[in-house]
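# Coordinates in review
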Amino acid sequence: MKVSHCVFKTACTLFFLYLSILPPCTGYLNATDQDIGRFTGQGGPFLHRHIDDLVLIDPTRQREIPLKIYYPQNPPGPAPILLLSHGMGGSKTSSNWMGRYLASHGYICIFLTHFGSDNSLLDFSKGIQENVEKLFQAFWGMKDTLDRPQDIIFVLDSLQKIESSRPVLKGKMDLKKIGLAGHSFGAFTALSVAGGYAEPVRLIYGRTFDDPRPLAFLALSPPGTPPGVDP
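A brief structural summary.

### Overview of the overall build of the protein
Of the regular secondary structure elements, the protein holds seven helices and six strands. Secondary structure of the protein in N-to-C order comes out as α-β-β-β-α-β-α-α-α-β-α-α-β. Put simply, the protein has 231 residues, and 48% of those count as buried. Taking the intrachain contacts of the protein between residues at least 6 apart in sequence as the baseline, contacts between residues at least 24 apart amount to 76%. Summed over all atoms, the accessible surface of the protein reaches about 11900 Å², with 59% contributed by carbon and sulfur.

Following this line, the structure appears as structure tokens:
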């Protein structure tokens, strides 16, 4: 059992490290702005812009949440909002091709950086084992599992503040049409806010993180459920 556990641990962490260090052109889910030309999806009718200097601060946790927001420049009315949660070792710049594409079709896309499970964990001047350990600790640690859905909920709480703080967004955000998407660890985050994993999360953390405001969810490469847990 000990050997099996070590093999499983190593396999998981190497996989996450592999996803984190892939060049953007190879791992499309981590593609950055420079790779938008590689995405062949047809753009929509709207010109789009982005905001890259907005950082929310949750005072109850003393936690910063950097945001990158893509928005259609002249939508005919308030636009639906989509929050996007990155995977292990990602950041607010992960999957930005998706933000540009959806903004051109009339959506406002808000990308978050979840500190503690983002790309700041990786130090390529160090050996691979050290980076693997950092990713493993973040993935299996309680703090990041708790912080991630709370980051989403805090952004949801701050949507009106975000709109009022940026004149270019005034009147453009439809607060009644909100979706949430995530990749890998971000998929877990999205499903947690959807009310998923309720039984094990309540047993481990004494609470759940479901929020009624997002009406649509997309989980890209989500984790499974533990043995014996009803999915």
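### Describing the nonpolar core
Residues L67, I69, L83, I110, V155, L159 and I162 are the most contacted members of the largest nonpolar core, which totals 25 residues. Those elements that place two or more of their residues in this core are β1 (48–58), β2 (63–72), β3 (79–85), β4 (108–112), α4 (142–157), α5 (159–165), β5 (173–183) and α6 (185–193). If we skip the residues at most four places from it in the chain, L159 touches I81, I110, M173, L175 and I178. M88, L122, L135 and A138 belong to the second largest nonpolar core, which has 11 residues in total.

### Section: the packing of α4 against α6
A packed helix pair is summarised by two numbers, namely the angle formed by the two axes and the spacing between the axes. As a packed pair, α4 and α6 sit with axes 9 Å apart at the nearest point and diverge in direction by 65°. The two elements α4 and α6 meet at a crossing, and its hand is right-handed. On α6, the residues that touch D144, T145, R148, P149 and I152 of α4 are F185, G186, F188, T189, S192 and V193.

### Some words on the pattern of salt bridges
Where side chains of opposite charge bring their charged atoms close, a pairing between them can arise. According to the stated counting rule, one finds 10 salt bridges in the structure shown. Close ionic contact of R63 with D151 constitutes a salt bridge, the shortest N to O distance being 2.8 Å. Taken together, the residues R63 in strand β2 and D151 in helix α4 connect sequence positions 88 residues apart. A salt bridge links R213 to D211, with the nearest nitrogen and oxygen atoms 2.7 Å apart. On the accessibility criterion, R213 (30% relative accessible area) is partly exposed. Look at the salt bridges and you will find they share partners, linking D58, R61, R63, K143, D147 and D151 into a network.

Analysis parameters
Residues numbered from 1 in each chain as written. Predicted model: local features only at pLDDT ≥ 70, side-chain atom pairs only at ≥ 80, totals over all residues. Heavy atoms only, no water. Helix = DSSP H or I, 4+ residues; strand = E, 2+ residues; numbered from the N terminus. Buried < 20%, exposed > 50% of the residue type's maximum accessible area, 1.4 Å probe, protein only. Contact = heavy atoms within 4.5 Å. Areas by Shrake-Rupley, 256 points an atom, 1.4 Å probe, with all protein chains shown as cover. Core = buried A, V, L, I, M, F, W, Y, C linked by side-chain atoms within 4.5 Å. Axes fitted to C-alpha atoms, helices over the stretch in contact; angles between N-to-C directions. Left-handed = near helix turned anticlockwise from the far one by under 90°. Salt bridge = Lys/Arg side-chain N within 4 Å of Asp/Glu carboxyl O.

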